[in-house]
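Structural features, examined
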Amino acid sequence: MSATRLPGTPRLLRALNDRAALELLLEQGPLTRARLGELTGLSKVTASQLVERLEERGLVARVGEQAGGRGPNAQLYAVRPGSAYVVGVDVGAERVVAACADITGAVVSRVEQSTRDTDDPVGVVHNAVVQAASGAGAELSSVRRVVLGTPGLVDPTSGDITFAFNLPRWHRGLLAALREDLATPVVFENDVNLAAVAEAQSGAARENRDFVLVWVGAGVGLAIMLGGRLHHGSSGAAGEIGYLPVPGVPIPRDVSRRAKPAFQQLAGADAVLAVAREHGLPADSAADAVRAAIAAGTAGGPLLDELARRLALGVASTCVVLDPPLVVLAGEVGQAGGAALAERVQHEVAAITLVRPRVVPTGLTEEPILHGALRTALDAVRDEVFGSTVG
């Protein structure tokens, strides 16, 4: 029996080789044709054809020469930054921050817009995205994807916002309005989930395919990473740990109203400030209160102990279900608490459950939601651009 010939195999192999070469150029920087051939295992002729294809499609460009021995210098090639752009947006209750990155991942512009004096979320996002692209010297048409990080629930099926406690003007139908307005793919994602994406890429969860991230700030949230992928749940509510029923605080029975959910009452920023006042450490913000407790040394220990006991209720409830090896404490309080708070939470969780996850503070200090949005957009656009290199 003769072997069955697989249709499209040469085209598929070219696509795979092109993608591998582009990934190498992103990872290692400018390379010669010969070096690309060595790293991909391709012959000199095949590597040269590959580079010519990528040049023709505007994905790579010559950026210099490499001096060698005898003969002419070898040309160096790199991914052309302007072949595509993405915009990440961090949407908060009082401001929107947008950043534009080129396809290499370099962030080339950043802008802020206030949301206090407007009832037009489409207009706010439009202005932020346009200004971010303009600041990068990019036409809006070259922005291949916009990813917005937002508090609340994002429907996994429609991609629309279904509930945002702090953003009453954000509603169903907004996604379609933004896509029409910007004429480019727009994606919503929960803000804490995006922080976990950034943590996995360059923070405390690097090389961890399974972990949870607990965000402690004005609200309390959770992101779940399983097998290197975010877990959203059937309605997008996976990780809304602020609504966890816990003892010691009233449990609202109508979450559609403005009453604070139970675990948020116990461990959110307002609760941290109240506990700080009780321990003689009043502060302007929850993060300042935690930093003051750490600076106070032994005298600040009781505040950190109480906060750890409260946080451990939510962390333990999560960990006895998921049993993750790693828990990352993030948000303004998690970052301020550092190792002092993380170690206390780890000890308390081990004391009240059968699981013993390692608890660590975030490894990121600046705008994790924004960077998670950019990373999410880049991953999708690279798949689109790099995956369609063969005509």
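Below, the structure is looked at part by part. (Residues numbered from 1 in each chain as written. Predicted model: local features only at pLDDT ≥ 70, side-chain atom pairs only at ≥ 80, totals over all residues. Heavy atoms only, no water.)

**Re the overall build of the protein**
When you go through the protein residue by residue, the secondary structure sums to twelve helices and 15 strands. Oriented by its inertia axes, the alpha-carbon framework of the protein measures out at about 75 × 55 × 45 Å. When each of the 391 residues of the protein is scored for burial, the buried share is 48%. The long-range share in the protein, meaning contacts at least 24 apart out of those at least 6 apart in sequence, stands at 59%. When the accessible surface of the protein is split by element, carbon and sulfur atoms take 50% of a total near 18800 Å². (Helix = DSSP H or I, 4+ residues; strand = E, 2+ residues; numbered from the N terminus. Buried < 20%, exposed > 50% of the residue type's maximum accessible area, 1.4 Å probe, protein only. Contact = heavy atoms within 4.5 Å. Areas by Shrake-Rupley, 256 points an atom, 1.4 Å probe, with all protein chains shown as cover.)

**Quick notes on the pattern of salt bridges**
Considering all chains together, one arrives at 18 salt bridges under this definition. A salt bridge links arginine 110 to glutamate 112, with the shortest nitrogen-to-oxygen separation between them at 2.9 Å. Between glutamate 367 and arginine 110 there is a salt bridge, with the nearest N and O atoms lying 2.6 Å from each other. On the criterion of sequence distance, the pair formed by glutamate 367 in the loop between β15 (358-361) and α12 (368-386) and arginine 110 in strand β6 (residues 107-114) is long-range, its members being 257 residues apart. When salt bridges that share partners are traced, they join Arg33, Glu52, Glu55 and Arg62 into one network. (Salt bridge = Lys/Arg side-chain N within 4 Å of Asp/Glu carboxyl O.)

**Quick notes on the side chain of aspartate 102**
Tracing the backbone through its elements, the reader meets aspartate 102 in strand β5 (residues 95-102). Buried and unpaired, aspartate 102 has no salt bridge, with arginine 382 as the nearest side chain of opposite charge at 6.6 Å. In this structure the side chain of aspartate 102 is engaged in a polar contact, spanning 2.4 Å, whose partner is the side chain of threonine 104. Here aspartate 102 is in contact with Pro81, Ala84, Tyr85, Val108 and Leu378, once residues within four sequence places are set aside. (Lys, Arg positive; Asp, Glu negative; His and termini not counted. Polar contact = N/O pair within 3.5 Å; in protein donor to acceptor, adjacent residues only side chain to side chain.)

**Overview of helix α8 (residues 269-278)**
Working note: α-helix, 3.6 residues per turn, so residues spaced by three or four point in the same direction. For α8, the set of buried residues is Ala269, Ala271, Val272, Leu273, Val275 and Ala276. Glycine 280 sits one or two residues past α8 and shows a positive phi near 75 degrees.

**Describing unusual backbone geometry**
Of note, the phi angle at aspartate 323 is positive, near 50 degrees, even though the residue is not glycine. Tracing the sequence through the fold places aspartate 323 in the loop between α10 (301-322) and β14 (326-330). One non-glycine residue, glutamate 367, adopts positive backbone phi at about 45 degrees.

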